Amino acid sequence: MTTLGAVNRLFLLAKCSSSNISPCISRWQSTAAAAAFVRQTIPDVQENRKPKTGILMMNMGGPEKLDDVHDFLLRLFLDRDLMQLPVQDKLGPFIAKRRTPKIQEQYSRIGGGSPIKQWTTLQGEGMVKLLDEMCPETAPHKFYIGFRYVHPLTEEAIEEMERDGVERAVAFTQYPQYSCSTTGSSLNAIYRYYSERKDRPKMRWSVIDRWPTHPLLVECFAQHILNELEKFPAEKRDDVVILFSAHSLPMSVVNRGDPYPQEVGATVQRVMERLEHCNPYRLVWQSKVGPMPWLGPQTDEVIKGLCQRGKKNLLLVPIAFTSDHIETLHELDIEYSQVLGEECGVENIRRAESLNGNPIFFKALADLVQAHLKSDEPCSRQLTLRCPMCVNPTCGKTKAFFANQKH
């Protein structure tokens, strides 16, 4: 079995290197400055011309500097789409203020801020450059960043798109796997923007709401895993356990019928098929907060359990995050790989690079938009189905808003 695993990996690496796809860039993941450096590899293609098609790249965002942490947390804990707290308008600000010093300390350890805006900018520039070549009939294309909890906020991005005179607007989630807590929250923000103003959109909206098994997404993950496996000692490589780590959800959300766990599992399954099941693996869940039950097993508990059972060579793969941010740079790289790893006595623990500046990922984003525009569909069939036990009335209105956009 050891020989077979090694042969499989060599064959897969050879396939990667002989493909027509550009190789991924060197690993840059420590600070926001790294993303700014990589950004130099692609010139700014956001020219001062009227865009025909606007692509809104939706994500939660992250504070760029320590002074932004409190407002980031305040918006997060006031978001009723993400969580529902008793007397939330009072408890939310209290929690945000209380947690700010601890979270600021975490960001100070990864360079003083999140690099997610820089990575998203790099990815957007790579995407629209390709789209202008691939889809001249819908060009010029312009990307807009819409974050939920930091600037540029989703609402600010919509205002800019309206000012620019965009004709066709694509709400493009940067979460490959759909959850009501993430993509759903961003889509609700778009619906509320228009409903609160009692105004009809000047643009025709449509949505790319999930893409967990896109072939180029799978290819990116597979290449990054193979690259990292090669950095383990040769005699240990077959013993490495691959831990696909995704942000967890409260079981109350899962039990309402949120599709996120199934879609994350689908990504893992496709990646392991692409890798021809070269190593043992598990899907694990990170970032649990508070005493309530969350989806498990938890990443840190799995690391402990595997070490206790003699499995001390581990590869962490952030399977639901496409860009580095606090959950990869601090939680996976520092809390688990450094602190917990030393406590448990791991032999080798590494983390696969996030997709960040991989040119294959730019191609994946462009391919998704191209296929979506050609389909002329407002959204996926899945988006029209509410969770069976949904408790948020806005979700139904949001789904109707997008499903009823005129062709």
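Treat the numbers as computed from the prediction; the structure is a model and nothing was measured. (Residues numbered from 1 in each chain as written. Predicted model: local features only at pLDDT ≥ 70, side-chain atom pairs only at ≥ 80, totals over all residues. Heavy atoms only, no water.)

### Side note on the confidence of the model for the chain
- Summary statistics for the chain give a mean pLDDT of 90 and a share of 87% for residues scoring 70 or more.
- Scored below 50 in pLDDT, residues 17-32 makes 40 contacts in the model with residues more than four places away or belonging to other chains. (pLDDT = per-residue confidence, 0-100. Contact = heavy atoms within 4.5 Å.)

### Some details on the packing of helix α3 (residues 69-78) against helix α4 (residues 88-108)
- Packing of α3 against α4 leaves a shortest axis separation of 8 Å and a crossing angle of 140 degrees. Between α3 and α4, the angle is such that the two are oblique. Crossing geometry of α3 relative to α4 is assigned as right-handed. Two secondary-structure elements touch here, α3 through V69, H70, F72, L73, L74, F77 and L78 and α4 through Q88, D89, G92, P93, I95, A96, K97, R99, T100, I103, Q104 and Y107.
- Grouping the amino acids of the contact of α3 with α4 by side-chain chemistry returns 11 nonpolar, 5 polar and 3 charged. (Axes fitted to C-alpha atoms, helices over the stretch in contact; angles between N-to-C directions. Helix = DSSP H or I, 4+ residues; strand = E, 2+ residues; numbered from the N terminus. Parallel < 35°, antiparallel > 145°, perpendicular 65-115°, else oblique. Left-handed = near helix turned anticlockwise from the far one by under 90°. Nonpolar A, V, L, I, M, F, W, Y, C, P; charged D, E, K, R; others polar.)

### Remarks on the packing of aromatic side chains
- Inspection of the entire model under this criterion finds 9 aromatic pairs.
- Their ring planes at 80 degrees and their centres at 6.2 Å tell us that F72 and Y149 sit as a pair that is edge-to-face. Remark: Y149 occurs in the loop between β2 (141-147) and α6 (154-164) and F72 occurs in helix α3; sequence separation between them is 77 residues.
- F72 sits in the buried class, given a relative accessible area of 6%.
- Members of the aromatic cluster, connected to one another through ring pairs, are Y191, Y193, Y194, F401 and F402. (Phe/Tyr/Trp six-rings, centres within 6.5 Å; stacked < 30°, edge-to-face > 60°. Buried < 20%, exposed > 50% of the residue type's maximum accessible area, 1.4 Å probe, protein only.)

### Points about the pattern of salt bridges
- This model, assessed by the stated rule, comprises 21 salt bridges.
- Between K142 and E160 there is a salt bridge; the shortest N-O distance is 3.5 Å. You can see K142 sitting in strand β2 and its partner E160 sitting in helix α6, a full 18 residues away along the chain.
- The class of K142 is buried, set by a relative accessible area of 17%.
- One salt bridge in this structure joins R351 and D333, with 2.8 Å as the shortest N-O distance. Taken as a pair, R351 in strand β8 (residues 348-351) and D333 in helix α12 (residues 326-344) lie far apart in primary sequence, 18 residues in all. An identical accessibility class is assigned to R351 and D333; each is buried.
- In this structure, a network of salt bridges that share partners links the residues K142, E160 and D164. (Salt bridge = Lys/Arg side-chain N within 4 Å of Asp/Glu carboxyl O.)

### Here we look at the side chain of H325
- When you line up the elements, H325 lands in the loop between β7 (313-318) and α12.
- At a separation of 2.9 Å, a polar atom in the side chain of H325 contacts the main-chain carbonyl oxygen of S323.
- The contact partners of H325, leaving out residues within four places of it in the chain, are S114, P115, I116 and H330. (Polar contact = N/O pair within 3.5 Å; in protein donor to acceptor, adjacent residues only side chain to side chain.)

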